[in-house]
Amino acid sequence: MNVLMLCTGNSCRSILAEATFNHLAPQGWRAISAGSKPAGYVHPRSLALLQREGIATDGYHSKSWDNLPVTPDIVISVCGNAAGETCPAYLGPVLRAHWGVEDPAHATGTDEEIDAAFVTAYRILRARIEAFLALPLDELNNDPARMKAELDRIGGLA
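Residues numbered from 1 in each chain as written. Predicted model: local features only at pLDDT ≥ 70, side-chain atom pairs only at ≥ 80, totals over all residues. Heavy atoms only, no water.

Asker: Would you mind showing me how to read the packing of helix α2 (residues 44-52) against helix α3 (residues 111-133) here?
Answerer: Each pair of packed helices gets described by two things: the angle between the helix axes and the distance between those axes. Following both chains from N to C, one finds α2 and α3 inclined at 65°, their axes separated by 10 Å at the closest point. The handedness of the crossing between α2 and α3 is right-handed. Between α2, through R45, S46, L49, L50 and R52, and α3, the contact on the second element is made entirely by D111, I114, D115, F118, V119 and Y122. A class-by-class count of the residues in the contact of α2 with α3 yields six nonpolar, one polar and four charged. (Axes fitted to C-alpha atoms, helices over the stretch in contact; angles between N-to-C directions. Helix = DSSP H or I, 4+ residues; strand = E, 2+ residues; numbered from the N terminus. Left-handed = near helix turned anticlockwise from the far one by under 90°. Contact = heavy atoms within 4.5 Å. Nonpolar A, V, L, I, M, F, W, Y, C, P; charged D, E, K, R; others polar.)

Asker: Looking at this model, I keep getting lost on the pairing of strand β3 (residues 74-77). Mind explaining?
Answerer: Residues in a regular strand project their side chains so that they alternate between the two faces of the sheet. Here β3 shows a buried face lined by I74 and I76 and a second buried face lined by V75 and S77. Pairing of strand β1 (residues 2-7) with β3 involves four bridges; the strand directions are parallel. When the sheet's bridge partners are listed, M5 is paired in β3 with I76. The sheet contact formed by β3 and strand β4 (residues 95-98) spans four bridges and is parallel. Along β4, the bridge assignment pairs V75 with R96. (Buried < 20%, exposed > 50% of the residue type's maximum accessible area, 1.4 Å probe, protein only. Pairing = 2+ DSSP bridges.)

Asker: Explain unusual backbone geometry here, please?
Answerer: Residues apart from glycine generally show negative phi values, whereas peptide bonds are mostly found in trans. One non-glycine residue, N10, adopts positive backbone phi at about 50°. Overall, the relative accessible area of 0% leaves N10 in the buried class.

Asker: I keep staring at the sheet that holds strand β2 (residues 30-35) and nothing clicks. Help me out?
Answerer: Strand pairing within a sheet occurs via backbone hydrogen bonds; the two strands may be parallel or antiparallel. One open sheet accounts for four strands, arranged β2-β1-β3-β4; its pairing is parallel. The open sheet has two free edges, formed respectively by β2 and β4, since each of these has just one partner strand. Taking the axes of each pair of neighbouring strands and ignoring which way they run, one obtains an average angle of 25° across the sheet. Here helix α1 (residues 13-24) sits on the sheet in contact with β1 and β2, set at roughly 170° to β2.

Asker: Is there a simple way to explain the pairing of β1 in this structure?
Answerer: For β1, the buried fraction is high: six of the six residues fall into the buried class. Along β1, one buried face is formed by N2, L4 and L6 and the opposite face, lined by V3, M5 and C7, is buried too. Both β1 and β2 contribute to a ladder of six bridges, which runs parallel. Among the inter-strand pairings, C7 is bridged to a residue of β2, identified as G35.

Asker: Sorry if this is basic, but what is going on with the packing of α1 against α2 here?
Answerer: For the pair α1 and α2, interaxial distance at closest approach is 10 Å and the crossing angle is 25°. By the angle between their axes, α1 is roughly parallel relative to α2. Note on packing geometry: the crossing formed by α1 with α2 is right-handed. Across the interface between the two elements, I15, L16, A19 and T20 from α1 touch S46, L49 and L50 from α2. Among the residues forming the contact of α1 with α2, the class breakdown is five nonpolar, two polar and no charged. (Parallel < 35°, antiparallel > 145°, perpendicular 65-115°, else oblique.)

Asker: I keep staring at the side chain of H43 and nothing clicks. Help me out?
Answerer: Within the secondary structure, H43 is located in the loop between β2 and α2. What makes H43 buried here is its relative accessible area of 15%. Of the polar contacts made by the side chain of H43, one reaches the backbone nitrogen of R45; its length is 3.0 Å. Once residues lying within four places of it in the same chain are set aside, the contact partners of H43 are S11, C12, A105 and F118. (Polar contact = N/O pair within 3.5 Å; in protein donor to acceptor, adjacent residues only side chain to side chain.)

Next up, the structure:
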């Protein structure tokens, strides 16, 4: 099963989600990430945070949803709603969910405050990914309505 973590720039949140999901996922599950308007780079603070967490960062890069290596089965958008951010809507016959997280790339303040914004985004995403992976995934694969309900419920977790 392929899960697309989608946001606009594909430099922070969707990369954090992709790497964390792949670090924790059971065999047969894989995350990819993309953006509707990719930034063209992965934010250095995202990479540093993943490395501190012991999550491999090799091969992660900002990419467009126009060039996905596989067709996703599930699309999870991770855009926040601060500053009027518009979340892209992936078109295609897939199960969709929204797990909104504010973009740490827009954080301002001291280095500590900016780092804290990245940690907050990571912790929210990790908690949601762990909740998702704790589900009876084999069972839910055969019940799209229940899978959608669980994905939506998880999107409300802080």
